[in-house]
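So you can see what is in the structure, the chains are spelled out below.
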Protein chains: 2
Amino acid sequence: MNAGPATGRPSTKERIVTAGAELFRRQGYTGTGLKQIVAAADAPFGSVYHFFPGGKEQLGAEVVRTSGAAYGRLFTAAMEAAPDPVTGVRDFFAGAARTLVETGYADACPIATLALEVASTNEPLRQATAEVFTGWITLGTAAFAAAGIGARPARELTIVLLAALEGAFVLARALRSTEPLEAAGESVAARASALLGSPDAGRG
Amino acid sequence: MNAGPATGRPSTKERIVTAGAELFRRQGYTGTGLKQIVAAADAPFGSVYHFFPGGKEQLGAEVVRTSGAAYGRLFTAAMEAAPDPVTGVRDFFAGAARTLVETGYADACPIATLALEVASTNEPLRQATAEVFTGWITLGTAAFAAAGIGARPARELTIVLLAALEGAFVLARALRSTEPLEAAGESVAARASALLGSPDAGRG
DNA sequence: ATCGTTCTTGATAGATCGCTCTAGCGATAG
DNA sequence: CTATCGCTAGAGCGATCTATCAAGAACGAT
């Protein structure tokens, strides 16, 4: 498996976080064991407690923050690459749908499964997920505000976007269909379009 | 243990399903042990395997179907009690927000946590969640169609409603705030209003 | 009263969980 | 060389998990 070419292999800690992120996202927090993570990361078990003295919980928190930040950058990139926010929204939902299909409906939101699991059972992890969501809201609000939408509606639009995206992920993974992502994306695009005046009325 | 009051106590099987529903909803599927369920249900451990020979998985499937059907009736009741669909949507989201606050942000969607957990790891349970979601879509589509919306947009509106609701639950539980439910509810109400002509433009 | 069925009961098996612990490797400093 | 330090390495602990099993209680039918 490992083989071990000396060239450019990520550090043990990075491999653990990466493997943890992938497994938590697909199977949830309680559904993923540390032994499974180190096996996937091709790392020794003891290294987990070397890098994360706080154990599984600390690893979970780091995974949440790391993959949350990465997903935020994905959103920002989509918005910046698009000619206007409405197109940006459409592209982002379309990209999410593509990823979902390509991974067999496994890779959706990197933290949603964990977030629901820990919301009422693990306060430190709940806070980590809250910080990520808050960061995304700030990010989106800024992006829409930069396009000329007022601060208040920009924030509302961002929250609606995130809710529609997360919920569409839930439905899409369960139904094994991209229809929810398409409907949600079109709905959010239409609302963004309305808030921008109406340079692009969409076909919704 | 059991004893007691001969008067009107639910059957052992019912108590197990009820306790399982509450715990799965709050802690997820893998995060809830059978022992915890029978303790909460005040039932003997062996009874689980008497009523559910298929074990935890069969219990999970029954819980999903039972609480999924109950939640569907809740939606239908809200829509039928309201004078028009737009008000019905608003009332439904407002009721969900109230329940969430009253339970300390614990009781949101009865099956969403489990749905995300099992979507890529347990095919029978994934199918159970898919059937529930499909049932809700059918229900909502019929309700909106009855109010005069065409079949195709009624289905799209229902999917957007469910996605917005589920996603708002994710954000609300993590952030411990009802803001996502309010924004999502208003957004869906506005879309419903637009599809109905515009008897109720909302304040969105 | 005797049987058969349904349901209750909890001890226990076997596997896996998160976590601790000690030993050792390899590179760098004195 | 020896010493130190960051990291690797995995055996093993107690707890907990799902699941099985055998025995007994409750109850209707005959």
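By convention here, each chain's residues receive numbers from 1 onward along its written sequence. Note on labels: chains are lettered from A, ligands numbered from 1, in written order. Totals for whole chains, interfaces and linings use all residues, but because this is a predicted model, local features are given only for residues with pLDDT of at least 70 and pairs of side-chain atoms are given and counted only at 80 or more. Neither water nor hydrogens contribute to the side-chain values; these are computed over all heavy atoms in the structure.

As named in an unreviewed UniProt entry, chain A is AcrR family transcriptional regulator, taken from Nonomuraea roseoviolacea subsp. carminata.

Participant: Please set out the protein's contact with DNA strand D residue by residue, giving values where relevant.
Facilitator: Note on definitions. A residue lies near a molecule or strand when any single heavy atom of the residue is within 4 Å of it. If you check the shell around DNA strand D, you find 16 residues, and the closest are Thr12 and Ser47 of chain A together with Leu34, Tyr49 and Lys56 of chain B. The sugar and phosphate moieties of DNA strand D supply 53% of its atoms located within 4 Å of the protein. Contact between DNA strand D and Ser47 of chain A: a phosphate oxygen at 2.9 Å from a side-chain N or O atom of the residue. Separating a phosphate oxygen of DNA strand D from a backbone N or O atom of Thr32 of chain B is a distance of 3.4 Å. A run of H or I in DSSP counts as a helix once it spans at least four residues, and a run of E counts as a strand once it spans at least two, with each numbered from the N terminus. When contributions to the surface near DNA strand D are tallied by element, the ones reaching two or more residues are α3 (45–51) of chain A together with α2 (34–41), α3 (45–51) and α4 (55–81) of chain B. No other element matches α3 of chain A, which puts 5 residues into the surface near DNA strand D. Within 3.5 Å is the distance limit for a polar contact, defined as a pair of N or O atoms, with the added protein rule that one can donate a hydrogen and the other accept it, and that residues adjacent in sequence qualify only through two side-chain atoms.

Participant: Can you explain the relation of the copies chain B and chain A? Please cite residues and give values.
Facilitator: For these two chains of identical sequence, chain B goes onto chain A by a turn of 180° and a shift of 0.0 Å along the axis, with RMSD 0.0 Å. Viewed as a symmetry operation, the transformation between the two copies matches a two-fold axis. Scanning chain B for the C-alpha nearest the rotation axis identifies Gly167 of chain B, at a separation of 1.9 Å. When the interface residues of chain B are mapped onto chain A, 100% of them again fall at the interface, so both copies present the same face. Only residues with pLDDT of at least 70 in both copies contribute their C-alpha atoms to the least-squares superposition of the copies. Throughout, a contact is declared for two residues whenever any of their heavy atoms are within 4.5 Å.

Participant: An account of the pattern of salt bridges is needed here, citing residue identities and associated values.
Facilitator: Residues and elements named next belong to chain A. A carboxyl oxygen of Asp or Glu within 4 Å of a side-chain nitrogen of Lys or Arg is what we treat as a salt bridge. Scanning all chains against the criterion turns up 17 salt bridges over all chains. The closest approach of N and O atoms between Glu131 and Arg65, which form a salt bridge, is 2.4 Å. In this pair, Glu131 is assigned in helix α7 (residues 123–146) and Arg65 in helix α4 (residues 55–81), connecting sequence segments 66 residues apart. Only protein chains enter the accessibility calculation, which uses a 1.4 Å probe. A residue is then buried if its area is under 20% of the maximum for its type, exposed if over 50%, and partly exposed in between. Given the relative accessible area of 45%, Glu131 is considered partly exposed.

Participant: Any details on the UniProt feature "DNA-binding region" (unreviewed entry) in chain A? Residues and values, ideally.
Facilitator: Taking the numbering used here, the UniProt-annotated feature "DNA-binding region" (unreviewed entry) corresponds to residues 33–52 of chain A. Its end C-alpha atoms 15 Å apart, residues 33–52 of chain A is made of 75% helix and 0% strand. UniProt positions are given in the numbering used here, feature names are shortened, and annotations may be inferred rather than shown by experiment.

Participant: Could you give an account of the nonpolar core, with specific residues and numbers?
Facilitator: A general feature of soluble globular proteins is that nonpolar side chains tend to end up buried together. Here, the term nonpolar core denotes a set of buried Ala, Val, Leu, Ile, Met, Phe, Trp, Tyr and Cys residues that are joined through side-chain atoms within 4.5 Å. The biggest cluster of nonpolar side chains holds 134 residues, and the ones touching the most others in it are Phe169 of chain A together with Phe169 of chain B. Apart from residues lying up to four places away in sequence, Phe169 of chain B is in contact with Tyr71, Ala96, Leu100, Ala108, Cys109 and Leu181 of chain B.

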